[in-house]
2 protein chains.
Amino acid sequence: KSVSVTNSKQTGSHPNLILTQESVAEIKSQLGNVPVFDATLAATQKDVDLAIQEGIDVPVPKDMAGGYTHSQHTANYKNMQKAGVLFQLLEDEKYAIYVRDMLLEYAKLYPTLGRHPQERSYARGKFFWQCLNDSNWLTYTSQAYDCIYDWLPKEQSDYLNKNLFRPYADFLSIETPKYFNRIHNHSTWGNVSVGMIGLVMDDEELVNRALYGLKDLDIDTNAIDNDGGYIYDKDGKAGFLANLDSPFSPDGFYTEGPYYQRYAMYPFMIFAEALQNKKPELKIFEYKDAVLLKAVDALINLTDADGEFFPLNDGQKGMSYYTASLVSVVDISYYHGNKKPELLSVAKAQNAVQLNASGLAVAIGLRDGKEKPFLKKSIELSDGANGDEGAVGILRYNDSNNTMALVMKYTGQGLSHGHYDKLSFSLYENGEEVLQDYGLSRFVNVEQKNGGGYLKENKTFAKQTIAHNTVTQNETSHFNNDFEIGSNNHSEKYLFDASNPEVQIMSATETNAYPGTNFHRTMLLVKDATVDIPYVIDLFKVTSEKPNQYDLPYYYFGQIIATSFKTEAPKSLTPLGTKNGYHHLWKETQSQAKADNIQFTWLNNRKFYSITAATTNEDAIILARIGANDPEFNLRRDPSIILRKKNTKATVFASIIESHGDYNPISEKANNAYSSFKSIKVLLDNKKYTALELQLKSGVSKVLILANNNASKEAKHTLKINDKNYEWSGSYYFK
Amino acid sequence: KSVSVTNSKQTGSHPNLILTQESVAEIKSQLGNVPVFDATLAATQKDVDLAIQEGIDVPVPKDMAGGYTHSQHTANYKNMQKAGVLFQLLEDEKYAIYVRDMLLEYAKLYPTLGRHPQERSYARGKFFWQCLNDSNWLTYTSQAYDCIYDWLPKEQSDYLNKNLFRPYADFLSIETPKYFNRIHNHSTWGNVSVGMIGLVMDDEELVNRALYGLKDLDIDTNAIDNDGGYIYDKDGKAGFLANLDSPFSPDGFYTEGPYYQRYAMYPFMIFAEALQNKKPELKIFEYKDAVLLKAVDALINLTDADGEFFPLNDGQKGMSYYTASLVSVVDISYYHGNKKPELLSVAKAQNAVQLNASGLAVAIGLRDGKEKPFLKKSIELSDGANGDEGAVGILRYNDSNNTMALVMKYTGQGLSHGHYDKLSFSLYENGEEVLQDYGLSRFVNVEQKNGGGYLKENKTFAKQTIAHNTVTQNETSHFNNDFEIGSNNHSEKYLFDASNPEVQIMSATETNAYPGTNFHRTMLLVKDATVDIPYVIDLFKVTSEKPNQYDLPYYYFGQIIATSFKTEAPKSLTPLGTKNGYHHLWKETQSQAKADNIQFTWLNNRKFYSITAATTNEDAIILARIGANDPEFNLRRDPSIILRKKNTKATVFASIIESHGDYNPISEKANNAYSSFKSIKVLLDNKKYTALELQLKSGVSKVLILANNNASKEAKHTLKINDKNYEWSGSYYFK
Ligand SMILES: [Ca+2]
Ligand SMILES: [Ca+2]
Ligand SMILES: [Ca+2]
Ligand SMILES: [Mg+2]
Ligand SMILES: [Mg+2]
Ligand SMILES: [Mg+2]
Ligand SMILES: [Mg+2]
């Protein structure tokens, strides 16, 4: 049943979704004159011609991700989308015929299917094991269908609408409300797929359902999905606009983290572009102070020097803005967002464009040499719908030889893909991980590994606090791994100041992860005359009402070169603990610091790194390696150094992290194989101030004083430490 | 004391060593017209100008390798050598002054020195902890001295000859005979350094000493050096020519292995070039059927696709033909060896030339576009002075997408740097290790790691048999780690046939590693229509008089994707054994095959690999990881899969090793994540024949039959297996 659309463009003039009749005419007039567009078109034609040659294959659904039927249905929707575009731009009917014939196969298959035979998902699909992939299918296929809609005889489009698309849209929404009605990237895909086909069919009921969600549902509001997330928002909000309101902060940070933001941005942007074409009165790109455009900018800022996303929360390493869906995202953002020339440099790196008006604009911009470098600078991206639920802080230093990026996470929980990693951080040099966030435990689309789905070690290790470069108290993860408590809390920003490129600082607090214990972590990225490469100062202040054990790991890579503490080889290896991720760590050695400082130097990727840390004599140093209790070898055997303080109420972990030298196996030269630092010492630590002294081997020494309760830039402080007077204004002193 | 040279060019016309008066004139006339030469010259000038600006620093020797005095003396000789060349080519006296002033400093320092204070070496030097480095100093410095010899007032050169060079040459030879008189790369450096300075000073006594060694010595012929090698050749041969005779095979393979061949080639070639200039009547480049030129060719063939040397025996990974000393070696080989255009492509990759006539010839060749690709083809390089002590076999397959290199070692012991690794192999794909040889355990020039010297784990692990992809019997290394027995034996080549690029085969036997046990390993590299990427068939036949335990490890990298056998996670990790390297392996899990086949799939560098191996029900599969009993974390935590057969007399290890697919973390697509093979089976194994059957999942099956005692290409065979008749001629059947 088709409802006429009010306040919108006229119907009956397809294409009008991503391509429009006007833009098709404009593109055709430019073909041959826009190199990146022309090249993308040629590559697309090559792909589709090959697919047409191979013939249509619409198998009965059977496999998990990575398996044959899954991969075939995925290839089908991608090929149909491309074929639709080719039909419009090249006017060759073979592409329309290919789409039509495949759609008729699907229309034949669809009514014969129950839910997918694989029972792993909380929302099993039709062609795929989960509705999520079915929504991908429908989002792409809608575009193909729009391209041939007017070419099809009306009885054929009526047939497809009635027998395939409308039932499928109802299946993905009304029949699967727990999937469709959440605040979650899954539901975004669900909403968009229903909205896209609604726009094609001019089915306003579907479009409204997509925008505003299902109403008056009777479902169990406490049910959780197979990722461990709630399937119902506590405020009962649902639909595309609600999914824009809530997981996005005003800075465009998406609370699930960059890996899922990357995944969600395509449906957000492609549907926004379709809405802009068909319902411009919605002004979707201006919605929430242009949050969609800000989100694209935020997402690019959440990458390392190679364009790879920081693997905050569940994130698979290696995913980058080179992924095909981000080509569309960047192009749409450029076209609908004032044509920022910085986006052209990302598009240039991608070396492909979306084959519509947005991509044409990008290709023209590139052809005309309009791009400017996208300089990733230090930035703080707030979390929470209103931007007041913590943030991600990124401090960067770039010069011609070196780029450093220090990423600290003081956000909210991040929905079901969140990790228990309050105040954790990771460090990158030239796009390589120096101190890592483990990321997720999953091999996406590798069928042998649990059908490509999450591995159980994602929950038992990757999400746990001890898997992160932050403090675990009493071998228990933050919020005691309780998703509900975690979701009701967030860290608080204390200070972020990157105005002085030589001394950049960020600082945040966490008071809820462990009741009765307060964390306050401050990180500086310092590049001054004493060093060639910026170093990190890490000041992690802990106060508690009662004595606890605190563990702070640093997950490094590579081989140990020197330790200031004595290491012994155990006769056998035992796990570091029995639960909360500790049971996945082998204790390779445990030492006592027996000094007020330890130093640890390692070699990775032909570079030397050191951590110098203040200790007490009694502190333990544990060298651990991931891999215990992992019968299927799902975890990487990565190492870490863990600083342990036992039976302690208040303390400060204070460390210097340096990249200081390199090794060349061809010249066999070791440059600066030693740390530049002699020691780091806690000069003072009380409620109001914490002060550190850093001694360089050169004889120079530096003092850092942090005002613990006053982040004001104007505040004046005077303080006497060891008979020396310090006076400064602002939240910290560093000299 | 200076002796006039007979049958040689006239004296008194320096330079006449590496540069000559004629070549200097020729070079000057070409400057500005030979891009690579000009660029190298400019870079050299920049280096030396900076060094001159920093001033002369000749510290009192104190440190081990990697330490300050060691690095400074190393920089000094390199800078002097360059400055000497610059003086000749640019005619700027400041370069001569720099060399002179530094030499005068050394002449002042030298008489004050005893042996170096560090007592680690069997042959402690003067400026360095070991004579080896002092010989480097003298070899380079001789070149500098030659360049300023005629410019110096005679009383100054007389002074330097008398107070520095002649005493130093005597120190490195007469006073350190155990160093000078060996068959070893150390002695080559010793010989060359004495010979080079002898040529400069026209001191024929030194030149003869260099060429023929010290005579009539009274030293302990059973003494060993700190690397564990003999310091005296059993036949009493010594000197440069003896070091050309004996460690080099007629194919130019250097028995210590490519890493030390790379190290030795510079002194061999630079002295040869000097001899060619000053004593052309020696015809040194034609010596032993032009073995020096063959050696350069062999050395280039002993690299992976990136030009990195295979780490056979003691070899540090990452060393490649881009190393500075190989620039000279390649240039000298080009100039004195018929200007083979293939060498120009190596020189082009090096992008630098030696600043003399050889380098000029290369630069001209490159400028004139004369280079041809150096195609590394399948090759067998014999070992032993007469080429009859086994060999290294390399099977390669190159196409536009992929290069595979399979390296099998069936050589002699390889002097003191040899490993107990008979019939071991390693596998490379596109220049990356698939199945590794561990290489050495050492961080060359990293002072923190034992002063940059060999670590004790080199002996306790890296040299041991279990560290290699070959069979260990009863947890004891080949020859029971006895260097003398190892040195008296070698493996025997059985078969090497790379004539059919689709089915290449190599095969060798080892009958001495374990008395009473015979090994016969055959490896094939097969690229046929059934696969995209060549696969390896590994047939390791063992026969013994009594039952033993046999372990065959494969040292892979990366993460396990699937195992056909069940793996369990132990509560704690224990070492695999108590000695012979076994004590350095953690047993991560041990399984019983319980099948007549196992399959093991892993992911590394975004590629999928599988090993499919024939087993018996009782075979054990051990997943191990290096790192036990390693208190200083000297060893890499690399994994291996070990096939274990217990209480067995005769058996066959039969495996297929495949690279079959890839994973793209950006598209999240897994291509061909599964092995193409269903099984491998031993059809027949007796004294005369061993037959394997390989079943592909496609339904195709293949049979390999090897004639175990007849490698003749002409022999005719007929054989009935399971009622099927096989008839073929040649040593093997594969269809
Ligand atoms: Ca990266
Ligand atoms: Ca080796
Ligand atoms: Ca390589
Ligand atoms: Mg994490
Ligand atoms: Mg999740
Ligand atoms: Mg080895
Ligand atoms: Mg040695």
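The rules behind each value
- Note on numbering: residues in each chain are counted from 1, in written sequence order.
- Working convention: letters from A go to chains and numbers from 1 go to ligands, in the order in which they are written.
- Residue-level local features of this predicted model are given only where pLDDT is at least 70; pairs of side-chain atoms are given and counted only at 80 or more, and the full residue set underlies all totals for whole chains, interfaces and linings.
- For side-chain calculations, the full set of non-hydrogen atoms in the structure is used, while hydrogens and water are omitted.
- Whether two strands pair depends on DSSP finding at least two bridges between them.
- Numbered from the N terminus, helices here are DSSP runs of H or I no shorter than four residues, and strands are runs of E no shorter than two.
- Only the stretch in contact is used when fitting a helix axis, every axis being a line fitted to C-alpha atoms; angles between N-to-C directions are given from 0 to 180 degrees.
- When the copies are superposed, the least-squares fit takes in the C-alpha atoms of residues with a pLDDT of at least 70 in both.
- We call two residues in contact when some of their heavy atoms are within 4.5 Å.
- The cut-offs work like this: below 35 degrees is roughly parallel, past 145 is roughly antiparallel, 65 to 115 is roughly perpendicular, and the gaps in between are oblique.
- Crossings are sorted by hand: turned counterclockwise from the far helix by less than a right angle, the near helix makes the crossing left-handed, and turned clockwise it makes it right-handed.
- Burial classification: accessible surface area is computed with a 1.4 Å probe over protein chains only, and a residue below 20% of its type maximum counts as buried, one above 50% as exposed, and the rest as partly exposed.
- All amino acids are sorted into three groups, where Ala, Val, Leu, Ile, Met, Phe, Trp, Tyr, Cys and Pro are nonpolar, Asp, Glu, Lys and Arg are charged, and the leftover types, Gly among them, are polar.

The next thing to look at is the sheet that holds strand S5 (residues 432-435) of chain A. Residues and elements named next belong to chain A. Across the sheet, 5 strands lie side by side as S1-S2-S3-S4-S5; this open sheet has antiparallel pairing. The open sheet has two free edges, formed respectively by strand S1 (379-382) and S5, since each of these has just one partner strand. Within this sheet the neighbouring strands show an average axis-to-axis angle of 20 degrees, counted without direction. With 6 bridges joining them, strand S3 (residues 403-410) and strand S4 (residues 424-429) adopt antiparallel strand pairing. Looking at S4, one finds that Val 407 is bridged to Ser 426.

What follows is about the relation of the copies chain A and chain B. In screw terms, the move from chain A to chain B is a rotation of 180 degrees and a rise of 0.1 Å along the axis, fitting with an RMSD of 0.1 Å. The two molecules are tied by a two-fold rotation axis, judged by turn and shift. It is Leu 573 of chain A whose C-alpha, among those of chain A, lies nearest the rotation axis, at 2.4 Å.

Turning our eyes to something else, we now look at the side chain of Thr 612 of chain B. Here Thr 612 of chain B lies in strand S15 (residues 607-614). Among residues more than four places away in sequence, those in contact with Thr 612 of chain B are Asn 597, Ile 598, Gln 599, Ala 654, Ser 655, Ile 656, Glu 658, Ser 675, Phe 677, Ser 679 and Ile 680 of chain B.

What follows concerns the packing of helix H4 (residues 93-109) of chain B against helix H5 (residues 131-148) of chain B. Residues and elements named next belong to chain B. Interhelical geometry of H4 versus H5 gives an angle of 130 degrees and a closest axis separation of 10 Å. Classified by the angle between their axes, H4 and H5 sit oblique to one another. In this structure, the crossing between H4 and H5 has a hand that is left-handed. Residues Ala 96, Val 99, Arg 100, Leu 103 and Tyr 106 of H4 form the contact with H5, whose participating residues are Trp 137, Thr 141, Ala 144, Tyr 145 and Ile 148.

Let us look at the sheet that holds strand S25 (residues 732-734) of chain A. Residues and elements named next belong to chain A. With respect to topology, 4 strands assemble into an open sheet ordered S20-S21-S22-S25, the strand pairing being antiparallel. Edge positions in the sheet fall to strand S20 (677-685) and S25, since each has one partner strand and no second. Here the average twist between neighbouring strands, direction ignored, is 10 degrees. As paired strands, strand S22 (residues 701-707) and S25 are joined by 3 bridges and run antiparallel to one another. The partner of Ile 705 across the bridge, within S25, is Tyr 733.

This next bit is on the pairing of S4 of chain A. Within a regular strand, the side chains alternate between the two sheet faces. All names here are of chain A. A large share of S4 lies buried, amounting to 6 of its 6 residues. Residues Ser 424, Ser 426 and Tyr 428 point to one face of S4 and Phe 425, Leu 427 and Glu 429 to the other, with burial holding for every one of them. Pairing of S4 with S5, which is carried by 3 bridges, proceeds in the antiparallel orientation. Its bridge partner being in S5, Leu 427 is matched across the sheet by Leu 435.

We now examine the packing of helix H3 (residues 68-90) of chain A against helix H5 (residues 131-148) of chain A. All names here are of chain A. Two elements in contact, H3 and H5, have axes whose closest approach is 8 Å; the angle formed by their N-to-C orientations is 25 degrees. Judged on the interaxial angle alone, H5 and H3 are roughly parallel. H5 is crossed by H3, and the crossing has left-handed handedness. Each of His 70, His 73, Tyr 77, Met 80, Gln 81, Gly 84, Val 85, Phe 87 and Gln 88 in H3 lies in contact with H5, whose residues at this interface are Asn 133, Asn 136, Trp 137, Tyr 140, Thr 141, Gln 143, Ala 144, Cys 147 and Ile 148. Classifying every residue of the contact of H3 with H5 gives 9 nonpolar, 9 polar and no charged.

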